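Remarks on the overall topology
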Amino acid sequence: MSGIPGVQVAAPTAGPKALRAPWLQTLLASSRFARTWIGLGITAAVVAVALLGPVFAPYSPTEFVAPPYEPPSSEAWLGTDNLGRDVLSRFLWGGRSVLGLSILATVFGLGLGILVGLISAYTRNWIDDVLMRAMDVLLAFPQIVFVLLLISSVGPQLWLIVVTVGLSHAPRVARVTRGAALEVVERDFVRSAEALGETRWSILVGELLPNISSPLLVEFGLRLTYSIGLVAAVSFLGFGLQPPAADWGLMINENRIGLTIQPWPVALPVIAVGLLTVGTNLITDGIARAAIGIGRSSAA
Amino acid sequence: MIRLILRRLGLGILTLWFVSLVVFAATQALSGDAATALLARTATPERLAALRAQLHLDDPVWLQYVKWLGGLVTGDLGRSMATQKPVAELIGLRIGNSAFLVLVAALIAIPASMVIGIASAVRRDRGVDHVLTMLSLVLAALPEFVIGIALILIFATGFFHVLPAVALLDDTRPIWQQFDQILLPALTLDLAVIPYMARIMRASMVEVLESEYVQMARLKGLPQRLVILRHALPNAIVPAVQVTALQLAWLAGGVVVIEYVFRYPGIGQSLIDGVANRDLPVVQALSLLVGGLYVAFNLLADVVTILVTPKLRTSLQ
Amino acid sequence: MNMPVVKIAGLRIGLAGSAFDIVDEIDFQIGQAEIVGLVGESGSGKTTVGLALLGFCRRGGTIEAGHITIAGRSLLELGTAALNAARGQTVAYIPQDPSAALNPALRIGLQLEEMLAVHQPGLDDAERRKRVLEMLEEVKLPTQEPFLKRYKHQLSGGQQQRVALAMAFACRPTVIVLDEPTTGLDVTTQAHVLETVRTLCRHYGVAALYVSHDLAVVASLADRVLVMYAGRIVESGPAAVLFRNPAHPYTRRLIAAIPDLHRRRNLVGIPGHAPSPAQRPLGCTFAPRCDYATGECRAQFPSVEIIAAHHSVRCWHHARVQARGDALSGSVGGAASRASADPTSPLLAVRDLSAWYGRQPVLHKVSLTLEAGECMAVAGESGSGKTTLAQCVAGLHPTFSGEVMLAGKVLEPQARRRPRSVRRAIQYVFQSPYASLNPRRTVGQIVARPLYVFFDVGHRQARERVAAHLERVALSPALIDRYPDQLSGGERQRVALARALAADPQVLVCDEVTSALDVSVQAALVELLAELQRSMNLGLLFITHNLALIRTIADRVAVMSGGRIVESAEVESVFGSPKADYTRELLANSPSLDSHAPISQSV
């Protein structure tokens, strides 16, 4: 549309076959952006704290070490929480749950959404209508409300958080998948595969999916970012892990009354969750930019 | 055109009906014998029986739904199981509080995001654009409670103790006279939605600025002001309208967490209390309300889109 | 040439952020009321030069050197306000695709009026309205007020282009840049639009730069022609001279590649493809594809040499080129010899086919037959239903009534329901090779698909056969591990053809297979198709809007209009003595190089 047609600065190189997998190419291309590396650094740091933290924690997360809301001291470097437990230890223990739950929820939601979106885009008949209507209905609930709705009847369960957070992503992923796939469905190579008589499933997986893997990669990053926020928020509202577990969201919930006296048990997990989401979002943005670039050059 | 709008209205009502099905299925139907589950610890046979009667739990599921829906349509939202008060009375005042909060946030967010989006699109790839893009990237990633608590840490504790950390609304005074109480929650909501809205506005504007009709307008020798305002903006606004509607609906959900952060007495607080107490009638009413808002905002966006898109507007001529 | 009103000297436009140029060393002048054609294939930089006349560069390009003087003013030295004033008033632009260039959100009247409002602020509302209506009349559009209230989507393609014309002529500019203004239009509409352009230019003494890839259109319109190749002007001269006695090998081969409406002539393509800015060779950019090329061509780009009045060329060997005369003239072939098949049971038969898009009927009781070894062309303008017909045959458009028969057997409407042997026998080649090849599969994987589906071959065997099929379509087997985006348009279409051949078909349905390609590439592909048809005894159903192409390749032709076949007969009889009025009109409106040169004698 704009730009100068026929002008391709870098001719596509005939690299080894494996490197031509589009999502891998997108990942490689995203390394050109500084934000990808900054995001990667931040994310890696927070993930390292979450995974390795328990090894370095000075105390058990449930051990009472001093009176409640003690300021930082040589015993408890960052002071104590509302029940007199070591803030640093609870922080170092508290990241695994957020990380694990949000990754599981993202994978579940993405898988479901991609399946629905692909089927919708390819059928384009009443099945498409029914599926997208159903997705619209789920879209009517803000994600957090949808999660709370199910928790209200089943109670705070970890598996339920994974399922509901995932389910709340599904309609959004389905829309993106369908939108991207619709463009591909229109193209003649799909018609060509139909004329050869290939099965529907092999057209979905062989012709459509590889052509939308870059936007889906971006979608994964985006959904992971939101999953982290949602999972942490559910814990923060008190419907995630239950006391006395060490969990970032729960820490904020338990200690926010004492915010003005002892800010650390609130500030620390808030900063960690914030950094993690910013980190994943920076990576996602780098990937998104790379995906656009690659899309352009192959469309030229 | 009218037919198009009526069609959308019909679809909206249909969606709303399905929303009610989901709400019902997720709460009453899913929890099985809700009464025993709810009163696990405090159950006495009499209370159990009363509760069953109230929720029509002795009826088959479909009849429970019909009775529940019938109640909704006639304005009977049921009684709260925790307080035994009518739900309508319980959430009535709070709806007003939340609506005011959302309204203040929206009145700031809509113009701000449009100006930011257009400005960075016009100055694409220059300093201002880069700074705004980076800022919105960071803000868009942060969960709203993180933004809220960060604002509290900055403005209500150690650094500057200028604003209240907790919104203490005085029910006896009109809400618009207690602006200082609302400022931080509204600001939090805005910081959560503006980046996204501005980003869509920018993307849409960038695309339009690259279009051939804008190139044509430049080649006709029109001054920049006319090119942007007359030729680009009317075309860029359409996607922004859709996203604005989605974000307004999101605000209705966003208040849930924000109200909890600031302990602001609105429907968000009620919903969280409801979930904590497993007070199904309250949860049902509020989630239906939020879902209904989404449908309504979308309908509004569709109508606006039809009105500003000549191709749709003239579809019947 | 009289007093030049446009002077361009030493223009260079670079690719932003690189040392490469998009175009360079552009020098030419346009006289008052003169129409200059700027021809070149895609990527030659012709549109870039056209836009530069308005002091405009698309994203990614920057004007790095040179002077553009229009009506005595140096365009590149103007400030923003003065440049805006010059655009539209001194130099106006007519876009390639008016449906994209008219604003969808604004009424037609406003888009016309603002031209006057900005450039002639002295006019009051009534005068302006009057002028707008005059403009509409000049371009033969309705002059009623309601027309002004319409939006772009309420106009036809031809009307949209006329609105663009009216806009361009509104301020009586000195020069107009026309950027392929008739590319998307049917020949009939194109003929009308060209006529209007010619009349207006003559009437108002407006000079014009007509940018196009279509030599025939340029031949019918331009006084003088500039030929661009890979960002340079390689030859320029009066249209009459240039088309009759070209001095640059590229021009000669370009002319030889154009199918001729008036006689059957074998086409000769140009091997290879034009280099992109980053890949241009040292020396003459055409040397790698040129059969005159010598060592000095590869060492140094020749400078401009004036060889006759107003005729200049950039070629070391122009004397040899012009001396060699008719060396390139394709042998004039008769009707392709085809096996006389039994007319009672044709290979493919379509009987009383009616088809719908939703509830909209697009075909009405269409019947035709195709025999083995025969090329049956289906001609028609856009919307005539020719592509739908092709899709019905291939089982890609199942909503039809009537019968499609292969060797006497009636076929299921949907490809998936047809037996394997039928799906194999009918193969379809799509219009755009950019859309018909999955960008995520290698050439090898693409061509191997039919082998796996139709023949039980192993991996090794498939690879061998793929290599053989690639060779059959004149592609190097070395391309087997390439991806489509690493190939040129012509190469991609050959891959699509190889995929179809891999199924070992009896019927090949070709749907506008050359319309996305440059003429030099089109010629080579048509050559190949004709050769394959003969050697494999294929029945070729050739769908196209290009009548000249039909004369070159087809044995019989069915002319379609509004979903019906209006005439169907042997090619020579349809072209020699058309029976239907519609066919006559179509033939009359198709532009031809003949307005300047009887090609078979001169090339």
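About the cut-offs
Residues numbered from 1 in each chain as written. Chains lettered and ligands numbered in written order. Predicted model: local features only at pLDDT ≥ 70, side-chain atom pairs only at ≥ 80, totals over all residues. Core = buried A, V, L, I, M, F, W, Y, C linked by C-beta atoms within 7 Å. Buried ≥ 20, exposed ≤ 12 C-beta atoms within 10 Å, placed from the backbone. Contact = placed C-beta atoms within 7 Å. pLDDT = per-residue confidence, 0-100. Helix = DSSP H or I, 4+ residues; strand = E, 2+ residues; numbered from the N terminus. Pairing = 2+ DSSP bridges. Axes fitted to C-alpha atoms, helices over the stretch in contact; angles between N-to-C directions. Parallel < 35°, antiparallel > 145°, perpendicular 65-115°, else oblique. Left-handed = near helix turned anticlockwise from the far one by under 90°. Nonpolar A, V, L, I, M, F, W, Y, C, P; charged D, E, K, R; others polar.

A word on the nonpolar core. Membership of the largest hydrophobic core comes to 372 residues, with the highest contact counts inside it found for C:Ala166, C:Val175, C:Leu209, C:Tyr210, C:Val393, C:Val509 and C:Leu541. Beyond its immediate stretch of four places on either side in the chain, C:Val175 contacts C:Val5, C:Val6, C:Ile30, C:Ile70, C:Val91, C:Val206, C:Ala207, C:Ala208 and C:Leu209.

Here we come to the confidence of the model for chain A. All names here are of chain A. Mean pLDDT for chain A: 85, with 91% of residues reaching 70 or above. The secondary structure element of chain A with the lowest average pLDDT is helix α1 (residues 22-30), at 81, and the one with the highest is helix α4 (residues 95-123), at 94. Note that pLDDT drops below 50 for residues 1-18; the model gives that stretch 39 contacts with residues more than four away or on any other chain.

This paragraph deals with the environment of C:His397. Residues and elements named next belong to chain C. Relative to the assigned elements, His397 resides in the loop between α14 (386-394) and β16 (400-406). Between the C-alpha atoms of His397 and Pro413, which are 16 residues apart in sequence, the distance is 7.3 Å. Other than its neighbours up to four places away in sequence, His397 contacts Ala355, Thr388, Gln391 and Cys392.

All names here are of chain C. Judged by pairing direction, the sheet is mixed, and its eight strands sit side by side in the order β6-β7-β8-β3-β9-β10-β12-β11 without closing on themselves. Only two strands of the sheet have a single partner each, and these edge strands are β6 (91-94) and β11 (305-308). Neighbour-to-neighbour, the strand axes of this sheet turn through a mean angle of 20°, independent of strand direction. Both β11 and strand β12 (residues 311-313) contribute to a ladder of three bridges, which runs antiparallel. Considered in β12, the bridge of Glu305 is made with Val313.

All names here are of chain C. With their axes 9 Å apart at the nearest point, helix α8 (residues 187-204) and helix α23 (residues 581-589) run at an angle of 45° to one another. Relative to α23, the element α8 is oriented oblique. Every pair of crossing elements has a handedness; the one defined by α8 and α23 is left-handed. Contacts from Val187, Thr188 and Ala191 in α8 reach Glu585, Leu586 and Asn589 in α23. Class assignment of the residues belonging to the contact of α8 with α23 gives a composition of three nonpolar, two polar and one charged.

On to the interface of chain B and chain A, then. Opposite the 47 residues of chain B that make contact, chain A presents 38 residues. Of all the secondary structure elements, the ones that give two or more residues to the side of chain B that touches chain A are α1 (2-29), α6 (127-141), α7 (144-155), α10 (224-262), α11 (267-277) and α12 (280-308) of chain B.

Residues and elements named next belong to chain B. At a minimum axis distance of 8 Å, the contact between helix α5 (residues 87-122) and α11 shows a crossing angle of 135°. Between α5 and α11, the interaxial angle falls into the category oblique. Facing Leu90, Ile91, Arg94, Ile95 and Ser98 of α5, the residues of α11 in contact are Ile267, Gly268 and Ser270.

Below, the discussion takes up unusual backbone geometry. Glycine aside, residues mostly have negative phi angles, and peptide bonds mostly take the trans form. Of note, the amide linkage connecting A:Pro243 to A:Pro244 takes the cis form, showing an omega dihedral of 5°. Turning to its location among the elements, A:Pro244 is positioned in the loop between α10 (213-236) and α11 (248-255). We note that A:Tyr69 has phi near 50°; this positive angle belongs to a residue other than glycine. Mapped onto the elements of the fold, A:Tyr69 is located in the loop between α2 (34-56) and α3 (87-93). A positive phi angle, near 60°, is found at C:Ala33, a position not held by glycine. Relative to the elements of secondary structure, C:Ala33 occurs in the loop between β2 (21-31) and β3 (35-39).

With that out of the way, let us pick up the environment of C:Ala394. Relative to the helices and strands, C:Ala394 is located in helix α14. Of the residues examined, C:Ala394 has 26 C-beta atoms within 10 Å and is grouped as buried. For the pair C:Ala394 and C:Val404, spaced 10 residues apart in sequence, the C-alpha to C-alpha distance is 9.4 Å. If we skip the residues at most four places from it in the chain, C:Ala394 touches A:Ala195, C:Ala415, C:Ile426, C:Tyr428 and C:Val509.

Turning our eyes to something else, we now look at the confidence of the model for chain C. All names here are of chain C. When the pLDDT values of chain C are averaged, the result is 89; 95% of them are 70 or greater. The low-confidence segment residues 327-341 (pLDDT under 50) makes 34 contacts with residues lying over four places distant or belonging to another chain. The low-confidence segment residues 597-603 (pLDDT under 50) makes 18 contacts with residues lying over four places distant or belonging to another chain. Note on the complex model: pTM 0.83, ipTM 0.86.

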